[in-house]
Amino acid sequence: ANDCGFFILVQILLLLQLSPEGLRSLASMTSEMLSQLPWPAQQDVSRRKAKLRDALEALFEAADDAAEHDVDVLLKNDPELRRKVQAAMWDGPSFADAVRRLAASSAPRRDYSLSELGQMSTKSLRSLCAQRGVLPAGPVERADLLKVLVPTVVQRQAPMITDGAQGSGQAGQQGAVVGEKRPQQGGGE
């Protein structure tokens, strides 16, 4: 049997689990990045097809038993039927997680100072956590967001170059080693 339509349906179901930010990330990815995502294989599509068939059969049986043909009413009145239909359309957040991880790993990284992080709104901190792939699960406080962000985004102090060429732009030309003290020329020290 040809499963082209089911492949498209499974991909649509994957896309429906993405947040608007996830969809924007997906739309901006290169084809190489897109190929790294867990797209469905023939086995996945066959499994989904069987689950959808079972869910539809359960819906038809419930409609006949209840003499009700409104799917919304059937799902509201029968939590087990609702669970079965949901399970036929969703296997969990693995695709959304993969998109989030890939977007986080490929996003340009900007370092922030502690003071810049302190001035950000909680919403901005939350977005930055999501971009860096460190967003804690569940409800979090501002302090929780800062705690996970500091190791990943705080700019490091630039090491001092102690060879007398500071500020002259010549440190690289003289081959200075960070932290290495060189004798100054001409001063006799």
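Residues numbered from 1 in each chain as written. Predicted model: local features only at pLDDT ≥ 70, side-chain atom pairs only at ≥ 80, totals over all residues. Heavy atoms only, no water.

### Quick word on a negative patch on the surface
Then, number 1: A cluster of like negative charges, contributed by Asp54, Glu57, Glu61, Asp64 and Asp65, occupies part of the molecular surface.
Then, number 2: Its place among the elements puts Glu57 in helix H4 (residues 42-66).
Then, number 3: A relative accessible area of 43% places Glu57 in the partly exposed class. (Patch = residues over 30% accessible without salt bridge, like charges linked within 9 Å, V, L, I, M, F, W, Y side chains within 5 Å. Areas by Shrake-Rupley, 256 points an atom, 1.4 Å probe, with all protein chains shown as cover. Salt bridge = Lys/Arg side-chain N within 4 Å of Asp/Glu carboxyl O. Lys, Arg positive; Asp, Glu negative; His and termini not counted. Charge placed at Lys NZ, Arg CZ, Asp CG, Glu CD. Helix = DSSP H or I, 4+ residues; strand = E, 2+ residues; numbered from the N terminus. Buried < 20%, exposed > 50% of the residue type's maximum accessible area, 1.4 Å probe, protein only.)

### Describing the nonpolar core
Then, number 1: The biggest cluster of nonpolar side chains holds 12 residues, and these are Leu14, Leu18, Leu26, Met29, Met33, Leu37, Phe95, Ala96, Ala98, Val99, Leu102 and Ala103.
Then, number 2: Considering every element that reaches this core, the biggest residue donor is helix H7 (residues 94-106), with six residues.
Then, number 3: Beyond its immediate stretch of four places on either side in the chain, Phe95 contacts Leu14, Leu15, Gln17, Leu18, Leu37, Pro38 and Trp39. (Core = buried A, V, L, I, M, F, W, Y, C linked by side-chain atoms within 4.5 Å. Contact = heavy atoms within 4.5 Å.)

### Describing the packing of helix H9 (residues 122-132) against helix H10 (residues 142-153)
Then, number 1: At a minimum axis distance of 10 Å, the contact between H9 and H10 shows a crossing angle of 45°. Judged by the inter-axis angle, H9 sits oblique to H10. Pair H9 / H10 crosses with left-handed handedness. Where H9 abuts H10, its residues Thr122, Leu125, Arg126, Leu128, Cys129 and Arg132 lie against Arg142, Leu145, Leu146, Val148, Leu149, Thr152 and Val153.
Then, number 2: Broken down by class, the residue content of the contact of H9 with H10 amounts to eight nonpolar, two polar and three charged. (Axes fitted to C-alpha atoms, helices over the stretch in contact; angles between N-to-C directions. Parallel < 35°, antiparallel > 145°, perpendicular 65-115°, else oblique. Left-handed = near helix turned anticlockwise from the far one by under 90°. Nonpolar A, V, L, I, M, F, W, Y, C, P; charged D, E, K, R; others polar.)

### Here we look at unusual backbone geometry
Then, number 1: You will see that Ala67, though not glycine, has its phi angle at about 50°, which is positive.
Then, number 2: Considering the arrangement of structural elements, one finds Ala67 in the loop between H4 and helix H5 (71-77).
Then, number 3: Look at Ala67 and you get exposed, because its relative accessible area is 64%.

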